[in-house]
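Residues per chain, in single letters:
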Amino acid sequence: MFTLFKRIPSMSTADLQKEGAKEWTVLDVRTPAEYRSGHIAYAKNVPLNKVAGFTQKGDKKLAATRLRRLKEAAEIIVFEKGPFVSFANCGLPYAISGEIEERDALLVQTPEALKKRFNLDVRPFHEVLAIEPEEKTVTVKHGEHVFTESYDTLILSPGAKPLVPAIKGLEEATNAFSLRNVPDLDQIMAHLEDKKPQKATIIGAGFIGLEVAENLHKKGLEVTIVEKAPHVLPPLDEEMAAYVKNELIKQGVKVLTSQSATAFEKAGQEIVLEDGTVLASDVTILSVGVQPETDLAKRAGIELGHRGGILVDEQYQTSKKDIYAVGDAIVVKQQITNEDTLISLASPTNRQGRQVADVLGGLARKNKGSIGTAIVRVFDLAAASTGLSERSAKLAGLNPQVVHLSGKDHAGYYPDATDIYLKLIFDADTGKIYGAQGIGAKGVDKRIDILATAIKGGLTIFDLPELEFTYAPPFGSAKDPVNMIGYAAINLAEGISENIQWHELTEALENGKQLLDVRSEMELANNGRFQQALHIPLDELRDRLSELDPSVSYVVTCHSGLRSYIAERILKQAGINCQNLDGAFSLYNTIKPEMIIHD
């Protein structure tokens, strides 16, 4: 079968309307936006485009390959400053220890393969030096050769670059590295091979910093983590991050929080901290965060926004006509608060790459923003979060309610069940879910993914008990932790239960409230006990109500919060004012171990 495209310059619009229904295929070569504003009946929109892009991450490949599937005739050029057009940057830390054995396994695609399958003109080692939006050209450097390339549409995906703090002596340090790409990995691996370092320092305890710390430790190095924030994993709330800190310490990693490096001495062999401590370091990895790589966009007059990120509209178009941007460099909307933010995560950037291609292909797509969902493995634990933390919700002016819950990854009676700790942040008035965090050895990803989906889908706490999951003893529980935390949140929203948070306990006791521990005598002896707490085991509580003072307000605790909730209901129906210590002894002992007495 052949399709004939015939040019008829003298045919009128009226003739086209008549003829279009018969044998002619009418092509409208304007842009999709122009086409949607009004077009001839029967006309097909086939813009004659030349698309160019300069890029950094996986979103570039997704945009280019998706665009090819939509527009076979388009000329698509991809400029890449570095040697690799597509690599698994999230896998870089695991190559340090050899957990990912082959470096080449990180290389996802090659220019040759992309040319063969998708007819893409991919040009590594091509650095874009300048953009001229009015002329619709880019100036490109390849080796010693500088040339100009024109475009019809330009997609920017420069990504984010590591934040390099201004620390005295850092430029002279020969053993300090960041980890952003494969060449960075090669430098680190060469240093490890040549110098045989014994001591490593990680500056920054975010996701990447913890992954690098684990893998250097697995390689046999003595690892110290230095974090400026009060706790590791700053995106998590303090009490949830405490589980991660404890795991690091258990594995032999030294953790220093509320500290920062102020100077590098002896070519980086010594690091001076703000309290005067001097660390010996044979290799140092800087992992203090990233910032959008937008210098080129700024020079081109493209409007920037939050923390220097590129401002885009709902179709990813920048302030300059026919220039689009995606990835870690763009400002997105935090969907929960509708505030501008930067979210440097693989899933949103890949989605953006596909969506911008759809927009250029004439499909109706909208940049809805992101909520920020992430997970990290830290030795034998996983830590995950989605949406807003309790702290960020308060900073956004919200009034969040919080509930903690501990459960098992599968049926407790089935072998090898492990603990899961969940935290839900929500609006008690509307039931809107603001965020969630999870810690555990197994099953954390499943629960946080479910809660992320609930947030994206607009579900509330009242919907969580209604969710139905696959169940058999090796895989889950008949009452999944997600269902259970929904029940607990509903109890709070409906006033059936009242809780108090771990950080509120000291003030509550100072103001006259009394702590009541309903654990067993054996639990107190084996696990420790609160200072100045009354002790009445739950199963004896109904018979010993006369020992309690009705004029006193009680804070009830057990090990996890379930028995103390039962005790709360008994006391309230007996006319005694009380609250449940959220997370109970288990959580408090994790975040405040110094406050627990061991006889």
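Counting from 1, residues in each chain are numbered in the order their sequence is written. Whole-chain, interface and lining totals are the exception, using all residues; otherwise, since this is a predicted model, local features are given only for residues with pLDDT of at least 70 and side-chain atom pairs are given and counted only at 80 or more. In computing side-chain values, all of the structure's heavy atoms are included and hydrogens and water are not.

**Considerations on the overall build of the protein chain**
Part 1 of the reasoning: Secondary structure is summarised from DSSP: a helix means a run of H or I of at least four residues, a strand means a run of E of at least two, and numbering begins at the N terminus for each. A count of helices and strands for the protein chain gives 17 helices and 36 strands.
Part 2 of the reasoning: Referenced to the eigenvectors of the C-alpha coordinate spread, the extents of the protein chain come out at roughly 100 × 70 × 45 Å.
Part 3 of the reasoning: With a 1.4 Å probe rolled over the protein chains alone, any residue whose accessible area is under 20% of its type maximum counts as buried; one over 50% counts as exposed, and the rest are partly exposed. Counting all 599 residues of the protein chain, 49% fall into the buried class.
Part 4 of the reasoning: Two residues form a contact once any of their heavy atoms are found within 4.5 Å. Considering only contacts within the protein chain whose residues lie at least 6 apart along the sequence, 61% involve residues at least 24 apart.
Part 5 of the reasoning: Accessibility throughout is a Shrake-Rupley quantity obtained with a 1.4 Å probe, and a residue counts as covered only by protein chains that appear here. With an accessible surface of roughly 28,500 Å², the protein chain has 50% of that area assigned to carbon and sulfur atoms.
Part 6 of the reasoning: Just so you know, the count uses Lys and Arg for positive and Asp and Glu for negative, and it drops His and the chain ends. Where a charge lies is defined by one atom per residue type: Lys uses NZ, Arg uses CZ, Asp uses CG and Glu uses CD. Where the 67 positive side-chain charges of the protein chain centre and where its 81 negative ones centre are 6 Å apart.

**Comments concerning the packing of aromatic side chains**
Part 1 of the reasoning: Each Phe, Tyr or Trp ring (for Trp, its six-membered ring) is paired with any other whose centre lies within 6.5 Å, and the angle between the two planes then decides the class: stacked below 30 degrees, edge-to-face above 60, tilted in between. Under the definition given, this model contains four aromatic pairs.
Part 2 of the reasoning: Between the aromatic rings of Phe530 and Phe585, the centroid separation amounts to 5.6 Å while the plane-to-plane angle is 85 degrees, which identifies the pairing as edge-to-face. In this pair, Phe530 sits in strand S32 (residues 529–530) while Phe585 sits in helix H17 (residues 584–591), placing the two residues 55 residues apart along the sequence.
Part 3 of the reasoning: For Phe585, a relative accessible area of 2% gives the class buried.

**Observations regarding the layout of surface pockets**
The gaps left among the atoms become clear once a water-sized probe is rolled over them.
Part 1 of the reasoning: Grid spacing is 1 Å over the protein atoms alone, the probe is 1.4 Å, and a cavity is where that probe fits but cannot get out, while a pocket is an open set with protein on both sides within 12 Å along at least five of seven lines and lining residues have an atom within 4 Å of a point. Grid points are joined across faces, edges and corners, and a volume is the space filled by probe spheres set on the points. Counted as a void, the second largest pocket has a volume near 800 Å³.
Part 2 of the reasoning: Lining the second largest pocket are 30 residues, with Leu405, Ser406, Met484, Ser560 and Leu562 positioned closest to its centre.
Part 3 of the reasoning: Those elements giving two or more residues to the lining of the second largest pocket turn out to be strand S27 (401–408), strand S28 (419–426), helix H13 (481–493) and helix H16 (562–573).
Part 4 of the reasoning: Taken together, the residues of the lining of the second largest pocket break down into 10 nonpolar, 15 polar and five charged. Amino acids outside the nonpolar list (Ala, Val, Leu, Ile, Met, Phe, Trp, Tyr, Cys, Pro) and the charged list (Asp, Glu, Lys, Arg) are all regarded as polar, and Gly is one of them.

**A word on the confidence of the model for the protein chain**
Part 1 of the reasoning: Confidence of the predictor at the level of single residues is given by pLDDT, which spans 0 to 100. For the protein chain, the mean per-residue pLDDT works out to 92, and 90% of the residues sit at or above 70.
Part 2 of the reasoning: The low-confidence segment residues 1–10, where pLDDT is below 50, has three contacts with residues more than four positions distant or belonging to other chains.

**Describing helix H12 (residues 444–456)**
Part 1 of the reasoning: Along its 13 residues, H12 runs 18 Å from first to last C-alpha, staying within 8% of the 18 Å computed at 1.5 Å per residue.
Part 2 of the reasoning: Listing the buried residues of H12 in full gives Val444, Arg447, Ile448, Ile450, Leu451, Ala452, Ala454 and Ile455.
Part 3 of the reasoning: In this structure, the buried residues of H12 make contact with strand S25 (373–378), strand S26 (381–387), S27, S28, strand S29 (433–440) and H13.
Part 4 of the reasoning: Immediately beyond the C-terminal end of H12, within one or two residues, lies Gly458, with a positive phi of roughly 75 degrees. Expected helix span is taken as 1.5 Å per residue step, with the number of steps being one fewer than the number of residues.

**Description of the nonpolar core**
Part 1 of the reasoning: Formed by 55 residues in total, the largest nonpolar core has its most connected members in Leu216, Val244, Leu248 and Ile439.
Part 2 of the reasoning: The leading source of residues in this core is helix H8 (residues 238–250), at six residues.
Part 3 of the reasoning: Sequence-distant contacts of Ile439, defined by excluding residues within four places in its chain, comprise Leu236, Met240, Tyr243, Val244, Leu381, Ala382, Ala383, Asp419, Ile420, Tyr421 and Val444.
Part 4 of the reasoning: Core analysis: the second largest hydrophobic core is formed by 41 residues, Leu67, Ala74, Val138 and Val312 among them. Definition used in this section: a nonpolar core is a set of buried Ala, Val, Leu, Ile, Met, Phe, Trp, Tyr and Cys residues joined via side-chain atoms within 4.5 Å.

**Section: the packing of H8 against H17**
Part 1 of the reasoning: An axis is simply a line fitted to the C-alpha atoms; with a helix, the fit covers only the stretch in contact. Between two such axes, the angle follows the N-to-C directions and lies from 0 to 180 degrees. Direction vectors running N to C along H8 and H17 enclose 65 degrees, while the axes themselves pass 8 Å from each other. What the angle tells us is that H8 and H17 run roughly perpendicular. Along this stretch, H8 crosses H17, giving a crossing that reads as left-handed. Judged by residue contacts, Glu238, Glu239, Ala242, Tyr243 and Asn246 of H8 engage Ser586, Leu587, Thr590 and Ile591 from H17.
Part 2 of the reasoning: Per-class residue counts for the contact of H8 with H17 are four nonpolar, three polar and two charged. Note that the term roughly parallel is reserved for angles under 35 degrees, roughly antiparallel for angles over 145, roughly perpendicular for angles of 65 to 115, and oblique for everything else. Crossing handedness: left-handed means the near helix sits turned counterclockwise from the far one by under a right angle, and right-handed means the same turn made clockwise.

**Focus: the side chain of Arg68**
Part 1 of the reasoning: Considering the arrangement of structural elements, one finds Arg68 in helix H3 (residues 58–70).
Part 2 of the reasoning: We define a salt bridge as a side-chain nitrogen of Lys or Arg found within 4 Å of a carboxyl oxygen belonging to Asp or Glu. In this structure, Arg68 is buried with no salt-bridge partner, the nearest side chain bearing the opposite charge being Glu72 at 4.5 Å.
Part 3 of the reasoning: With sequence-adjacent residues up to four places away left out, Arg68 is seen in contact with Ala73, Ala74, Ile76, Phe118, Asn119 and Leu120.

**So, the sheet that holds S26**
Sheets are built from strands paired through backbone hydrogen bonds, the pairs being either parallel or antiparallel.
Part 1 of the reasoning: Between any two strands, pairing holds if DSSP finds at least two bridges. Read from one edge to the other, the open sheet built from five strands follows the order S25-S26-S29-S28-S27, with strand pairing classed as antiparallel. The sheet is open, and its two borders are formed by S25 and S27, each paired with just one other strand. Taking the axes of each pair of neighbouring strands and ignoring which way they run, one obtains an average angle of 10 degrees across the sheet.
Part 2 of the reasoning: With seven bridges joining them, S28 and S29 adopt antiparallel strand pairing. Each residue of the ladder has a partner; that of Tyr421, found in S29, is Ile439.
Part 3 of the reasoning: The sheet strands contacting H12 are S25, S26, S27, S28 and S29, and the helix crosses S29 at an angle near 175 degrees.

**Let's talk about the pairing of strand S11 (residues 153–157)**
Part 1 of the reasoning: Across the five residues of S11, five count as buried, placing the element largely inside the fold.
Part 2 of the reasoning: Taking every second residue as pointing to the same face, both faces of S11 are buried, with Thr153, Ile155 and Ser157 on one and Leu154 and Leu156 on the other.
Part 3 of the reasoning: In terms of strand pairing, S11 meets strand S22 (residues 323–325) through three bridges, oriented parallel. Residue Leu154 lies in a different strand from S22, and its bridge partner there is Ile323.

**Topic: the pattern of salt bridges**
Part 1 of the reasoning: This structure, assessed with the given rule, holds 35 salt bridges.
Part 2 of the reasoning: We note a salt bridge from Arg103 to Asp104, for which the minimum N-O separation is 3.2 Å.
Part 3 of the reasoning: Connected via shared salt-bridge partners are Asp237, Glu239, Glu390, Lys394 and Lys423.

**Considerations on a nonpolar patch on the surface**
Part 1 of the reasoning: Exposure above 30% relative accessible area and the absence of a salt bridge qualify a residue for a patch, where like charges join within 9 Å and nonpolar side chains (Val, Leu, Ile, Met, Phe, Trp, Tyr) within 5 Å. Taken together, the side chains of Tyr413, Tyr414 and Tyr471 make up a nonpolar region of the molecular surface, amounting to roughly 360 Å² of accessible area.
Part 2 of the reasoning: Here Tyr471 lies in the loop between H12 and H13.
Part 3 of the reasoning: The class for Tyr471 is partly exposed, based on a relative accessible area of 40%.

**Observations regarding unusual backbone geometry**
Part 1 of the reasoning: Of note in this structure, Phe125 is not a glycine but carries a positive phi near 60 degrees.
Part 2 of the reasoning: The residue Phe125 is located in the loop between strand S7 (121–124) and strand S8 (127–132) in this model.
Part 3 of the reasoning: One non-glycine residue, Gln532, adopts positive backbone phi at about 55 degrees.
Part 4 of the reasoning: Topologically, Gln532 is positioned in the loop between S32 and strand S33 (534–535).

**Some remarks on the side chain of Asn215**
Part 1 of the reasoning: Relative to the helices and strands, Asn215 is located in helix H7 (residues 207–218).
Part 2 of the reasoning: Residue class for Asn215 comes out buried when judged on its relative accessible area of 0%.
Part 3 of the reasoning: A polar atom in the side chain of Asn215 sits 2.7 Å from the backbone oxygen of Glu211. Under this definition, polar contacts are N or O atom pairs within 3.5 Å; protein pairs additionally need one hydrogen-donor-capable and one acceptor-capable atom, and for neighbouring residues in sequence, both atoms have to be side-chain atoms.

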